[in-house]
Amino acid sequence: MPPAPGYAPPPPSGPPGPPATGSWGAGRPYDGQPPVQRLLAGPDWRPAFKAALAPTAVLLLAALIAAIPGDYQYEYRFRSPDFGSRFGAMLSMALSALGAPFKLGYQSPLSGGRAERMDFVFRVAPMTVTVLWCLALWYALRAGLRRRKAVTGQLTRSQAAGEALRTALVLAGVTTVIWAVGGTTQQPRDSFDVPDYPGTGQDLSRPVITAGSGWLEAVGWTVLLAGSLAFAVYGTDALRWAAWRSRSVRGWAVAALTAGRALGVSVGLSSLAGFVLVAANSSGGAETGVSLAFLPNLGLNLLGFGSGATFRAHSGTTGGETSWRDRGEDLDLSFFDLHDEVSADWRWAALLALFAAAVLGWTAYRRQLDAADRLRLAAVYAVALTGLMAVAGATMTRSSGMAGWSRTSDLEVSQENAVGLTFLTVLAANAVWAVVGALLVPPLLAAARGGGAGAPYAGAPYGPTPPPPMPTPTPAPSTARTPHGAPVPGVPAQGAPADDAPPALGAGSGVSEVLGSDEAPPASAAAPPAPAEAPRPAAEAPVDPSVWREHP
């Protein structure tokens, strides 16, 4: 029977359930933020988006500077394109700094049933823009790393890899957007315009000019450059830990940093010399202005030629006719075989090679690297410089065709022009000069300076050293910890030595200093010593940076 009026059934036994909130999840908390917005505004992706702002601004600024001039040589025949068309074309050209080929197309008006077509593909990287893009990304990543470490402490290898992947994906998306909005298609007017062809809606008496770039190459090189730089920045802590654990890793890390500094000085001076040569021999200011975008290209080619590599200019033509197939011509210019047409003044480029070897040797001497580290330095220096010189050349491919009413009347001709240093001669020359600079110059400097500051030059020793007093352990993020948060004996905090830690690399330089650490120096010797703890067996020694701190 129904319950009496005023009677209510007793409440159900057990814990109360979640409050009902309608049909949205039956009591589950509802997050009204869309998934895309959560992804873009999430804490993991925010540093990647912030780091992408500066390199993107570099590309936009380079395109803007190149699009400002509006006076062209053939303006008397065709009107200059408006600023929007010029800026779109320059956006595509700016992607050449990231390895994308710049494509320019010309379609002539239809005349007599035939139309001529020409396509130009330029493969040359304005390395000034590339260097500025990399520097802007580097400093943005460093700022993001400082903010990240202020909150979460040191990063492990997996965390560094995650940050690198997110940065690479974000910048790949930026490159895709620039590729999509860049490029242009226009039909310039001239004094011979005729009315549109009836029913077509197009002016067949005007040519069509297109400009664009390659998407796949741009995205691929963006991912490679951005991912490598991001992992190098965010992985500094993991690299320092690996360098502390392994003598070989420490040697290669020091060799890479030393080679990078020597390359920066040598290529910078060579680029300045190339700019002076262009400015002194140019007939107007246009050549000097354009050369500013290719200063590293000029410097690398000039340094390679002075080192003894062969400079080659290649021209080849292929066509539909049998007599035109694979007809090419190469002009080689070598430092050791200067012809009468080329002035012997080019032999002054050898001074750049001597300067580069001296800088490399002086840097190795200041670091006081031993023979093994100097051999690593020579290998890294030769490989890095060879790779840079390999991409410093230029290639232009021109394809022209005459289209008729039938396929049998079509005529296709392709011509390729390339200038640059030949790879094998570059590799041989760089290997020789790297050995001279890294292996021969430091002992000569040590002998000339009397063996250095009180000790014969043989590099810093790497045997065990007595440990300095350790500060009292605190729960700071830089303290070595197990996944449960307990301190691990024998594992140093970031920048602090351990009982079996190797000594300093070079005169007064620790591993953290060599690898570019921004951490504060370890506590002074006046601090109270840490309580004595039982030594940990060698078999249980941690081998992964995840022991540095407790994960959140």
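Please read all numbers here as calculations on a predicted model, not as lab measurements.

Colleague: Please explain the packing of helix H2 (residues 46-67) against helix H3 (residues 83-94) as it appears in this structure.
Modeller: Helix packing geometry: the angle between the two helix axes and the distance between the axes. It is at 8 Å that the axes of H2 and H3 come closest, and there the two elements cross at 130°. Compared by their axis directions, H2 and H3 come out oblique. When the axes of H2 and H3 are compared, the crossing they make is right-handed. Residues Leu59, Leu60, Ala63, Leu64, Ala66 and Ala67 of H2 form the contact with H3, whose own contacting residues are Phe83, Arg86, Phe87, Met90, Leu91 and Ala94. Each residue belonging to the contact of H2 with H3 can be placed in one class, and the counts come to 11 nonpolar, no polar and one charged.

Colleague: What's the story with the nonpolar core in this structure? I'm lost.
Modeller: For soluble globular proteins, nonpolar side chains are generally found buried alongside one another. In terms of nonpolar packing, the biggest core is built from 37 residues, with Leu59, Leu95, Trp133, Leu137, Leu141, Leu171 and Tyr234 touching the most fellow members. Where this core is concerned, the elements lending two or more residues are H2, H3, helix H4 (127-152), helix H5 (157-181) and helix H6 (215-234). For Leu59, the residues in contact, after removing those within four places along its chain, are Ala94, Leu95, Leu98, Val129, Trp133 and Ile178. Ala262, Leu333, Leu338 and Leu377 belong to the second-largest nonpolar core, a separate cluster that totals 35 residues.

Colleague: What exactly am I supposed to notice about the packing of aromatic side chains here?
Modeller: To describe a pair of aromatic rings, one takes the distance between the centres and the angle between the planes. In this structure the tally under the stated criterion is nine aromatic pairs. An angle of 80° between the planes, with centres 6.3 Å apart, marks the rings of Phe305 and Phe335 as edge-to-face. Residue Phe305 is located in helix H10 (residues 295-307), and its partner Phe335 is located in the loop between strand S6 (327-333) and helix H11 (350-367); the two are separated by 30 residues in the primary sequence. Each member of the pair, Phe305 as well as Phe335, is classed as buried. Where Phe335 meets Phe336, the ring centres are 5.4 Å apart and the plane angle is 90°; that geometry is what we call edge-to-face. Joined through ring pairs, the aromatic side chains of Phe305, Phe335, Phe336 and Trp346 make up one cluster.

Colleague: Explain a nonpolar patch on the surface to me, please; I cannot follow it from the model alone.
Modeller: Together, Leu61, Leu64, Ile65, Ile68 and Phe83 make up an exposed nonpolar region whose accessible area comes to about 480 Å². Residue contributions to the nonpolar patch peak at three residues, all from H2. On the basis of relative accessible area, Leu64 is assigned to the partly exposed category, the value being 34%.

Colleague: For this particular structure, what's the right way to read unusual backbone geometry?
Modeller: Most of the time, phi is negative for any residue but glycine, and the peptide bond is trans. In this structure, Gln368 is a non-glycine residue whose phi angle is positive, near 55°. Mapped onto the fold, Gln368 is located in the loop between H11 and helix H12 (371-390). A relative accessible area of 31% means that Gln368 is categorised as partly exposed.

Colleague: Please clarify how a positive patch on the surface should be interpreted in this entry.
Modeller: Together, Arg46, Lys50, Arg146 and Arg147 make up a region of like positive charge exposed at the surface. Secondary structure elements with two or more residues in the positive patch: H2 and H4. With respect to the helices and strands, Arg146 occurs in helix H4.

Colleague: So what exactly am I meant to see when it comes to the pattern of salt bridges here?
Modeller: Side chains that differ in sign of charge can pair as their charged atoms come close. Applying the stated rule across the entire model yields nine salt bridges. With a closest N to O distance of 2.6 Å, Arg240 and Asp237 form a salt bridge. Residue Arg240 and its partner Asp237 are both found in helix H7 (residues 236-245); the two are separated by three residues, about one turn of the helix. There is no split in this pair, since Arg240 and Asp237 are both buried. Of the charged contacts in the structure, one is a salt bridge between Arg312 and Asp332, with a shortest N-O distance of 2.7 Å. Of the two residues, Arg312 is situated in strand S5 (residues 311-319) and Asp332 in strand S6; the sequence distance between them amounts to 20 residues. On the basis of relative accessible area, Asp332 is assigned to the partly exposed category, the value being 34%. Taken together, the shared-partner salt bridges connect Arg247, Asp370, Asp373 and Arg376 into one network.

What counts as what
- Residues numbered from 1 in each chain as written.
- Predicted model: local features only at pLDDT ≥ 70, side-chain atom pairs only at ≥ 80, totals over all residues.
- Heavy atoms only, no water.
- Axes fitted to C-alpha atoms, helices over the stretch in contact; angles between N-to-C directions.
- Helix = DSSP H or I, 4+ residues; strand = E, 2+ residues; numbered from the N terminus.
- Parallel < 35°, antiparallel > 145°, perpendicular 65-115°, else oblique.
- Left-handed = near helix turned anticlockwise from the far one by under 90°.
- Contact = heavy atoms within 4.5 Å.
- Nonpolar A, V, L, I, M, F, W, Y, C, P; charged D, E, K, R; others polar.
- Core = buried A, V, L, I, M, F, W, Y, C linked by side-chain atoms within 4.5 Å.
- Buried < 20%, exposed > 50% of the residue type's maximum accessible area, 1.4 Å probe, protein only.
- Phe/Tyr/Trp six-rings, centres within 6.5 Å; stacked < 30°, edge-to-face > 60°.
- Patch = residues over 30% accessible without salt bridge, like charges linked within 9 Å, V, L, I, M, F, W, Y side chains within 5 Å.
- Areas by Shrake-Rupley, 256 points an atom, 1.4 Å probe, with all protein chains shown as cover.
- Salt bridge = Lys/Arg side-chain N within 4 Å of Asp/Glu carboxyl O.
- Lys, Arg positive; Asp, Glu negative; His and termini not counted.
- Charge placed at Lys NZ, Arg CZ, Asp CG, Glu CD.

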